[in-house]
Each structure stands twice: as C-alpha cells, then as structure tokens.
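# Tertiary structure, described
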Number of protein chains: 4
Amino acid sequence: MSGIDKFFKNLTPRERALFESGIKLGAIFHQFIGTPVSLFSVDSLERTIEECVLNQFFVSDVSVRIDKEKLRQRCEKHGYAMLSSEMLEVLVIVKVENVKVISRLKYIEDLDYPLMYVEGIVEI
Amino acid sequence: MSGIDKFFKNLTPRERALFESGIKLGAIFHQFIGTPVSLFSVDSLERTIEECVLNQFFVSDVSVRIDKEKLRQRCEKHGYAMLSSEMLEVLVIVKVENVKVISRLKYIEDLDYPLMYVEGIVEI
Amino acid sequence: MSGIDKFFKNLTPRERALFESGIKLGAIFHQFIGTPVSLFSVDSLERTIEECVLNQFFVSDVSVRIDKEKLRQRCEKHGYAMLSSEMLEVLVIVKVENVKVISRLKYIEDLDYPLMYVEGIVEI
Amino acid sequence: MSGIDKFFKNLTPRERALFESGIKLGAIFHQFIGTPVSLFSVDSLERTIEECVLNQFFVSDVSVRIDKEKLRQRCEKHGYAMLSSEMLEVLVIVKVENVKVISRLKYIEDLDYPLMYVEGIVEI
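All of the points below concern the structure found in this document. (Residues numbered from 1 in each chain as written. Chains lettered and ligands numbered in written order. Predicted model: local features only at pLDDT ≥ 70, side-chain atom pairs only at ≥ 80, totals over all residues. Heavy atoms only, no water.)

## What to know about the pattern of salt bridges
Going through the model one piece at a time under the given rule, you end up with 52 salt bridges over all chains. When the shortest N-O distance is used, the salt bridge between A:Glu50 and A:Arg47 registers 3.0 Å. Of this pair, A:Glu50 and A:Arg47 both sit in helix α3 (residues 42-54), three residues apart, which is roughly one turn of the helix. For B:Asp112, the salt bridge goes to D:Arg74, with nearest N and O atoms at 3.4 Å. Of this pair, B:Asp112 sits in the loop between β5 (99-108) and β6 (113-123) while D:Arg74 is found in helix α4 (residues 68-75), placing the two residues in two different chains. Residue D:Arg74 is classed as partly exposed on the basis of its relative accessible area, which comes to 36%. Taken together, the salt bridges that share partners define one network made up of A:Asp5, A:Arg16, A:Glu20 and A:Lys24. (Salt bridge = Lys/Arg side-chain N within 4 Å of Asp/Glu carboxyl O. Helix = DSSP H or I, 4+ residues; strand = E, 2+ residues; numbered from the N terminus. Buried < 20%, exposed > 50% of the residue type's maximum accessible area, 1.4 Å probe, protein only.)

Below is the structure:
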C-alpha cells in the first residue's frame, strides 16, 4: 500500500482516519441499500457486510446491525423486504497509525435521517 | 401474494416465469457489482447473495459463484477488489406453477459481456 | 449482437421480450434506489435514468417518473432524500422482432410493494 | 440541519469537512458503479451525478468526468458499457464553516486502484 501513502502526505493520521471513516460509511450505505432481506437471511447479510467492510484499508473493527423489529414489520406482507435506511446501523473503527476513529451510521428517529457521525477519536 | 397475482392474469405461467427470471438476474447484477470482496470473504458473499435471491418470489434454487482465480489476480495488489462483471456467475431457477425456468448470468469471454440468458424451460 | 443471439435460440421473440423486460426493471430498481435526489435535481435524474435504460438491448421506449409530492415530503427536513421504492415509477417498452412488451415498475399502495409487472404484449 | 450539528460537537470544522468528504466519495462510487452508459448518454450521466452530489450537505462544488476514450473502447462491441472504476473521476469540494476540503476519486493506473484522496485543505 506504499504507493497509496504518497497521496496522503498532506494529512495527519487523525485527519486520514476521519476521511477514511467517511468513505467506509458512505460506501456501505450506497452499496447495500435495496438488498432483498428477510428474517431468514438477515444474520448472514449482517455478517457478510461486516466482512466486506473488513476487506477495506484501515478498518480494524466493524459491527452491522439490521433492526429485526422493523424488518419483521416490513416482511409481514410479502415475506421479505428491501434493506432500507431506517433498519441499518453500522459501527466502524478505522485505525491509522496511532489514531482510532469510531464512527456510526444510524437512523435517527427525530431527524428522520440516516446519520453518519463520529462517536469518538482515540489517540493511543 | 394473492393481491399481486391479479396483475399477472395476462401471462401464462411460462411467460411469468421468464419475466421473473429476468428481474432476478437484473437485480443481482446491479445490487452487488462494486461490493468489496477478498479471498477471505468471497464464500460468505456467495452464500449471502444466494440467500438474498431466495427471499424473492418464485425462486426455487440459486447458485452464485465468484471466480476465485480472477479474484486472486485482482486482489494481488491491495488485498481486496470490487466485485466485477467478469467474476460473477449466477444460476437461478424460477418456478411458477408447473413451469421451471433455468437462467444464468455469466461473463462470456468471446463477447466480453456479462450475459443473462435462459438455459432451459421445463414444464412438469 | 449476433454473438449473443445464439444463446437465445431456445426462446420465441415473445419469450425473449418478457425475459429482457424483467432484466431492465430489476436493473433499474437495484441500480438507482438510494440515489440522493431533491426537487432541484429530480427532472435531470429522471431523464438520465431513461437514457441509461435506452442504452440497453431491445429497449424501444422508457419513461421514468419520480413522485414529486412524495419527494417534497421526504425533502422537507433536510432538503434532499434518497430515492426510495415508494417514489419510483418506470414504464419500459422492449421490442424483440415483431413483439413489444410493455412492462412497469410501480409502487402499489395496497400491496405496500414496488411491483414489476407486464401491462401488455403486442404482436405487430 | 441544527438537529444534526449536535452530533458533531466533537469535531473541528476541518475534521468534519474531511469526514464529510469521505462520505461523498464513498457514496458516489458505490451508488453509480455498474450504471449502463454509452457515448450518447455519458454527458447527461456526468451532470446528473454532479447534481446528486450537490444535494448533499456541505458540498460547495463537484465535477464528474467519465473517461470518453475508455468508454469508447468498452462500447465498441455492444454499444454501451457498465460504468466502471477505471472510467470515473470525481472532484468534490466540501465546505464546513471556514474550511474547504478538495478531494478526488481517480483511477490511478500505477496502483490499478480507484483511489479516494484529499488534494488540499484551505482555511479561509
């Protein structure tokens, strides 16, 4: 990955970790929204999205949770639903050198919006 | 699903099975192309795409295969790749009443094209 | 496209037109759901989806309509929304030799489902 | 958007601009890769992706360029192609308060990788 690093000389590890965290959340949302999902396949979809994210640079941990109660309601009529922004919650930890950025994608009820935000930055 | 059936009175089971087969292949391609994948996560991605497809109406069987050799080559530099049309092969069997349509998405080397086509129609 | 045709010897023009119609609708849905859209950009998005579909084999006409009233409501809080299945309506006409298949993607309120169905088949 | 701002108290404008820049680039890539495109529809697709991005928070400017020469080659056989990472270049300018972050998605030949990186940060 050294060929890539030269593009990032202008950022501190902290800054790069923030930029990379945004990339991961934006990517997950726009790749997987619309995927057909049911109560039968939801666990497997969660694990697979996690593995997809773990493939990417700087991801040290990730947790994907699809809201089972909302999914159950959406599945009542037809047995399955399309993955929607209201159901999807993702926690990603990106580590660049000594900096960890913990960021989250979560549907915020009050805002009626799937928000991507930073929960914490840890320098080790 | 009876509410849905009234929209399909104008099609024979054979015709509906063909229409539904096209939907499944078009959906898989455009949902999952671009997904980050590695040799580590490829099996899990294959199984999860299969489960996603099985959720949908009329799917009686599905098999997803991502070409491991092409993936290995694409992963050499960076450890992972984006799922591309050259790598993805899908076999879907759709059953409507007494008709089974076997269709396939496969990258055809000679055509340089990810072709979706019908391999067979079986009336039982 | 002659190299492709040999894969379709087992289908009548009518059958192939049905299969291709399904492909187009499945593709549109899973490609564009989730796209950020506002009242400012909605017309341009509709035209561009139409042009994307017209690129594909056998498409003789297409019309994409995003429900402006639903979009307005979804945009109230944040100025834009993600394209969702409730908003999107598509009419596609696929022509294979002497057969035209008119198919539609439409969110059906009663079914709470974005249905893809065939409105008519015309043999000329 | 004030309801959203309280989630970002822990970031400086500079940090938030970096995080938001990553979101935009990750989103564009994973939303639009795979879109059917031809020389006929490419300009319209570029403009529409730009408008989609402009809808999102903090985007002050965006430029999308699809490589016409690569597209022409990919279109030779079948008249159209799927938008791929080799063809797509995006420049996004995100502005948070007095900070502008200029970031880019570009396929880097040497790396054989669609890189997302920060070209500059300007504090006004």
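That shown, we press on.
## Remarks on the interface of chain D and chain A
Facing the 30 residues of chain D at the interface are 30 residues of chain A. Here chain D meets chain A over a buried area of about 2600 Å², counting both sides, of which 72% is carbon and sulfur. We note a salt bridge from A:Arg14 to D:Glu15, for which the minimum N-O separation is 2.5 Å. Put simply, chain D and chain A have eight residue pairs in polar contact (both at pLDDT 80 or more) between them. If you list the elements that add at least two residues to the side of chain D that touches chain A, you get α1 (2-5), α2 (13-32), β5 (99-108) and β6 (113-123) of chain D. Here the element with the most residues in the side of chain D that touches chain A is α2(D); it accounts for 12 residues. (Contact = heavy atoms within 4.5 Å. Buried area = accessible area lost by both parts, 1.4 Å probe. Polar contact = N/O pair within 3.5 Å; in protein donor to acceptor, adjacent residues only side chain to side chain.)

## Re the state of the cysteines
The tally for this structure, following the rule as stated, stands at zero disulfides over all chains. Between A:Cys75, a free cysteine, and B:Cys52, which holds the nearest cysteine sulfur, the sulfur-to-sulfur gap is 12 Å. (Disulfide = S-S within 2.5 Å.)

## Regarding the layout of surface pockets
Space inside the largest pocket adds up to approximately 830 Å³. In terms of lining residues, the largest pocket is bounded by 44 residues, among which B:Ser84, B:Glu86, D:Ser84, D:Ser85 and D:Glu86 are the most central. For the lining of the largest pocket, the secondary-structure elements that each account for two or more residues are α4 (68-75), β3 (81-82) and β6 of chain B together with α4, β3 (81-82) and β6 of chain D. Here the lining of the largest pocket is composed, by residue class, of 21 nonpolar, 10 polar and 13 charged. Size it by volume and the second largest pocket reaches roughly 670 Å³. In this structure, the second largest pocket is lined by 35 residues; those nearest its centre are A:Ser84, A:Ser85, A:Glu86, C:Ser84 and C:Glu86. Taken together, the residues of the lining of the second largest pocket sort by class into 19 nonpolar, eight polar and eight charged. (1 Å grid on protein atoms, 1.4 Å probe; cavity = no way out; pocket = protein on both sides within 12 Å on 5 of 7 lines; lining within 4 Å. Points joined across faces, edges and corners; volume = space filled by probe spheres on them. Nonpolar A, V, L, I, M, F, W, Y, C, P; charged D, E, K, R; others polar.)

## Re the packing of helix α2 (residues 13-32) of chain B against helix α3 (residues 42-54) of chain B
All names here are of chain B. It is the contact of α2 with α3, at a shortest axis distance of 11 Å, that shows an interaxial angle of 140°. The angle between the axes of α2 and α3 places the two elements in the oblique class. The way α2 lies across α3 gives a crossing that is right-handed. Residues Lys24, Ile28 and Phe32 of α2 form the contact with α3, whose own contacting residues are Ile49, Cys52 and Val53. (Axes fitted to C-alpha atoms, helices over the stretch in contact; angles between N-to-C directions. Parallel < 35°, antiparallel > 145°, perpendicular 65-115°, else oblique. Left-handed = near helix turned anticlockwise from the far one by under 90°.)

## Remarks on the relation of the copies chain B and chain C
It takes a turn of 180° to lay chain B on chain C, together with a shift of 0.0 Å along the axis; the resulting RMSD is 0.0 Å. The two molecules are tied by a two-fold rotation axis, judged by turn and shift. Both copies contact each other with a shared surface, as 100% of the interface residues of chain B are interface residues in chain C too. (Least-squares fit on C-alpha atoms with pLDDT ≥ 70 in both.)

## Details of the environment of D:Arg47
Assessed through its relative accessible area of 36%, D:Arg47 is described here as partly exposed. On a C-alpha basis, the gap between D:Arg47 and D:Val64 in space is 7.2 Å, while along the polypeptide they are 17 residues apart.

## A short note on the environment of B:Lys77
Within the fold, B:Lys77 resides in the loop between α4 and β3. Relative accessible area serves as the criterion here: at 52%, B:Lys77 is assigned to the exposed category. Sequence separation between B:Lys77 and B:Lys9 is 68 residues, and the spatial gap between their C-alpha atoms is 53 Å. If sequence neighbours within four positions are ignored, B:Lys77 has contacts with D:Asp110, D:Leu111 and D:Asp112. Among the polar contacts listed, one links the side chain of B:Lys77 to the backbone oxygen of D:Asp110, at a separation of 3.3 Å.

## Re the interface of chain B and chain C
In this assembly, 30 residues from chain B lie in contact with 30 residues from chain C. Both sides of the chain B and chain C interface together cover about 2600 Å² of buried area, and 72% of this is carbon and sulfur. A per-residue breakdown of the area chain B buries against chain C is headed by B:Phe7, B:Phe19 and B:His30, which together make up 24% of the total. In this structure, the connection of chain B to chain C is made through two salt bridges. Counting across the interface, chain B meets chain C through eight residue pairs in polar contact (both at pLDDT 80 or more).

## Digging into α3(B)
Over its 13 residues, α3(B) runs 18 Å from end to end, which matches the ideal 18 Å to within 8%, given 1.5 Å per residue. Within the sequence span of α3(B), burial applies to B:Val42, B:Ser44, B:Leu45, B:Glu46, B:Thr48, B:Ile49, B:Glu50, B:Cys52 and B:Val53. (Expected span 1.5 Å × (residues − 1).)

## Remarks on the packing of aromatic side chains
For the coordinates displayed, the defined rule picks out 20 aromatic pairs over all chains. Summarising the aromatic geometry, the rings of A:Phe7 and D:Tyr117 are spaced 4.9 Å apart at their centres and angled 55° between planes, so their arrangement reads as tilted. In this pair, A:Phe7 is assigned in the loop between α1 (2-5) and α2 (13-32) and D:Tyr117 in strand β6, connecting two distinct chains. Pair check on accessibility: A:Phe7 and D:Tyr117 agree, each one buried. For the pair C:Phe57 and D:Tyr80, a centre-to-centre distance of 5.6 Å together with 85° between the ring planes defines the contact as edge-to-face. (Phe/Tyr/Trp six-rings, centres within 6.5 Å; stacked < 30°, edge-to-face > 60°.)

## What about the sheet that holds strand β4 (residues 88-96) of chain B?
Residues and elements named next belong to chain B. Taken together, four strands build an open sheet; the order of strands is β2-β4-β5-β6 and the sheet is antiparallel. Each edge of the open sheet carries a strand with a single partner, namely β2 (59-66) and β6. Between one strand and the next, the sheet's axes are offset by a mean angle of 10°, whatever the strand orientation. Sheet topology note: the β2/β4 ladder contains seven bridges and is antiparallel. Bridged to Val62 within β4 is Val92. The sheet contacts of α2 involve β2, β4, β5 and β6, and relative to β4 the element is tilted by about 150°. (Pairing = 2+ DSSP bridges.)

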